[in-house]
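# A structural walkthrough
The primary structure of each chain is shown beneath.
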Amino acid sequence: MKPRHLVIAFIVALAAAWGLLSPFTITLLCYIGLYALVAIGLVLLTGVGGMTSFGQAAFVGLGAYATAWICSSPEAASWLGFLPKGLYPWVGLLLGLVVTALIAWGLGAITLRLSGHYLPLGTIAWGLSLYYIFGNMPALGGFTGIGGLPPLELFGFSLATPQALGPVIWAVLLLAIWALDNLLDSREGRAIRALKSGRLMAESMGVDTSRQRIKLFVVAALLAAVSGWLYAHMQRFINPTPFNLNIGIEYLFMAVVGGAGHLWGAVLGATLITLLKEELQDWLPQLLGASGNFEVIVFGLLMLLVLQRAADGLWPLLAGFTRRVLKMSPDKRTLAPAGEVRLDHHALPPKGEQVLQAQKVTKRFAGLVANNEVDMDVRAGEVHALIGPNGAGKSTFFNMISGVDDPTEGQVRLKTRDMKGKPSRAFAALGLGRTFQHVRLLGERSVLDNVALGAHQRGHKGWVASMLRLDRAEEAAVLAEAMRQIERCGLGAVADTPAASLPLGQQRIVEIARALAGQPAVLLLDEPAAGLRHLEKQHLAELLGQLREEGLAILVVEHDMEFVMNLADRITVLEFGTVIAHGSPTEVQANPRVIAAYLGGDL
Ligand code: ADP
Ligand code: MG
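What counts and how
- Residues numbered from 1 in each chain as written.
- Chains lettered and ligands numbered in written order.
- Predicted model: local features only at pLDDT ≥ 70, side-chain atom pairs only at ≥ 80, totals over all residues.
- Heavy atoms only, no water.
- Core = buried A, V, L, I, M, F, W, Y, C linked by side-chain atoms within 4.5 Å.
- Buried < 20%, exposed > 50% of the residue type's maximum accessible area, 1.4 Å probe, protein only.
- Helix = DSSP H or I, 4+ residues; strand = E, 2+ residues; numbered from the N terminus.
- Disulfide = S-S within 2.5 Å.
- Salt bridge = Lys/Arg side-chain N within 4 Å of Asp/Glu carboxyl O.
- Near = heavy atom within 4 Å.
- Polar contact = N/O pair within 3.5 Å; in protein donor to acceptor, adjacent residues only side chain to side chain.
- Areas by Shrake-Rupley, 256 points an atom, 1.4 Å probe, with all protein chains shown as cover.
- Nonpolar A, V, L, I, M, F, W, Y, C, P; charged D, E, K, R; others polar.
- Pairing = 2+ DSSP bridges.
- Expected span 1.5 Å × (residues − 1).
- Contact = heavy atoms within 4.5 Å.

## Observations regarding the nonpolar core
- Formed by 94 residues in total, the largest nonpolar core has its most connected members in I40, F59, L180, L230 and Y251.
- Judged by nonpolar contacts, the second largest core, of 53 residues, contains A529, L540, V564 and A597.

Right under this line is the structure:
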């Protein structure tokens, strides 16, 4: 038995039982479906993408109000007079989606720039604003709302009752889960997951993080708007209350309690919170002898408990339990055979050609000169080492030549192009691959998945293609390429292991494999030998030697002198931000200034 079979069994059971359920249960199931539709957007946004939003209810409101306005206002009727009445809700859906996309895009462009706690605070701000706009626009019925909305009609059937509308709600929900599940299992899905670990790593892999964040935000908002549209035609009456901040927070509860990293967790969370709310609203006021929304307090306590005891929510626990009880094997990846699609391919520059060049690069932090007119170049087919005592400015220089930061003065050229002001993904696109001094991998994802992220910019299939599974041939090529690099770096045995469970030394090699999957012309390695055992260092040296043979330009920042001296063709030595020596290992080792700088060191 596979998880997929369980999903099918769930759908069949739900469909079979539909006719037998009481109207009350059916209505509850409709609400659960509507809430889950919003919560899966939050799973994507918050759980996977790392952006917390308290304001999703406002987007539900946009979807609901758009259709309510179209179906009730005389102006809309005078414009749409040529259409049969039954089509008005569909025009409402269209308007809702367009307005939501525009507003989400605008809000996203402003809010998503905010970092840390300011982002959730920003979402509270616009959640509140939209609520008051709904309440204060006379055309939208003010706080009394709009009534008398028509039911949906589909192929001539009226969906006036929850019995009739419910299957549509659940079909939309299941379709959305299918599409998002596909999205997460694709090139774009890897890019979305990478967002959570900060911009630096994702941008260095060629991911446009601002664009991905906005898209994520818009998709989550559109799901909420569809939920609002269905809600309006189920209730046939709307007012601003269901779209206020409280409810926005409840949606977040659903995602977090269910399991913010799992799409099905949203369905579980929506079910639990809806049922619990129903129960609590019955007996909490009796118990406390007063009326009020006391359930919110219980939800808050519940969320604290879940975050304490099961930070990933309840879904992983339930899924793990079910897997054990039913002895399930995981769904296998099904991929088209590789070879049908070729990934982007750049020819390597001829050996000896300058690939990366820094001219008089100066970086000042306030009064401190971290890099002082540093000149250096890296050529195809050589290993160039950058060494120097702690605080010499090596990491700063690394940032200057990889687009993480801009030099105060001086010039960086990559393949003869001036890179002034370019972001690191532009460096990646031109063929610069890098690793990080402090390893930056997606710890819970497999080695294969991590390495495949490195090939991101060599593919082209976008969000829609991924959602509709039209990316399989390209995805197969990406995974085949990732697997090739994994084998080449000697990681074949751990390809399916989560990256975080490997020893640090191997994680560094995974980073190299990831950089290689981008097919770089120049490879920048920040302390690749740190944390490696003797034998691993030998393997690394062999690998780098082989890459040099193939014509890669390699720059290593490294502390391990034995490693550097045996491997490097040329060495540049930095001290206090200034180049104090440059030459072959023998020349550098004999240089009196270098010996003085390292006095007491092990050079
Ligand atoms: P290394 O990598 O060679 O150990 P760094 O490039 O990290 O050296 O640092 C060089 C100098 O620049 C140090 O004195 C460090 O304190 C300073 N420095 C580095 N980054 C910053 C920053 N963002 N702001 C202020 N000073 C910095
Ligand atoms: Mg450093």
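## Quick notes on the environment of H117
- Inspection of the secondary structure puts H117 in the loop between α5 (88–111) and α6 (118–136).
- The spatial distance from the C-alpha of H117 to the C-alpha of L140 is 33 Å, given a sequence separation of 23 residues.

## Quick word on the state of the cysteines
- This structure, assessed with the given rule, holds zero disulfides.
- With no disulfide of its own, C30 has C71 as its nearest cysteine by sulfur position, at a separation of 19 Å.
- With relative accessibility at 0%, the residue C30 sits in the buried group.

## Quick look at the pattern of salt bridges
- Evaluated as defined, the whole model comprises 22 salt bridges.
- Between E475 and R190 there is a salt bridge, with its nearest N and O atoms 3.0 Å apart. Here R190 lies in helix α8 (residues 187–195) and E475 lies in helix α19 (residues 472–488), a separation of 285 residues in the sequence.
- For R190, a relative accessible area of 6% puts it in the buried group.
- Between K537 and D560 there is a salt bridge whose closest N-O contact spans 2.6 Å. Placement of the pair is K537 in helix α21 (residues 534–550) and D560 in the loop between β10 (553–557) and α22 (561–567), with a sequence separation of 23 residues.
- Exposure remark for K537: the relative accessible area of 22% places this residue in the partly exposed category.
- One continuous salt-bridge network, built from bridges that share partners, spans D185, R469, D471 and R472.

## Topic: the site of ligand 1
- The environment of ligand 1 is formed by F365, L368, A370, P389, N390, G391, A392, G393, K394, S395 and T396.
- Take G391: an N or O atom from its main chain is 2.8 Å from an oxygen atom of ligand 1.
- Relative to its unbound accessible area of 560 Å², ligand 1 is 55% covered by the protein chains.
- Elements with a contribution of two residues or more to the shell around ligand 1: β4 (368–379) and α15 (394–400).
- For the shell around ligand 1, the element with the most residues is α15, which contributes three residues.
- Considering only residue class, the shell around ligand 1 consists of five nonpolar, five polar and one charged.

## Digging into the sheet that holds strand β7 (residues 417–418)
- Spatially, the four strands line up as an open sheet ordered β4-β3-β6-β7, and their pairing is antiparallel. Looking at which strands have only one partner, the edges of the open sheet turn out to be β4 and β7.
- Pairing geometry for strand β3 (residues 354–365) and strand β6 (residues 409–414), over five bridges, is antiparallel. If you follow T362 over to β6, its bridge partner there is E409.

## Examining α6
- With 19 residues, α6 extends 27 Å between its outermost C-alpha atoms, agreeing within 8% with the 27 Å of an ideal straight helix rising 1.5 Å per residue.
- Three or more residues of α6 are buried, namely L119, P120, G122, T123, W126, G127, L130, Y131, F134 and G135.
- Summarising the contacts, the buried residues of α6 are in contact with α3 (56–72), α5 and α10 (209–235).

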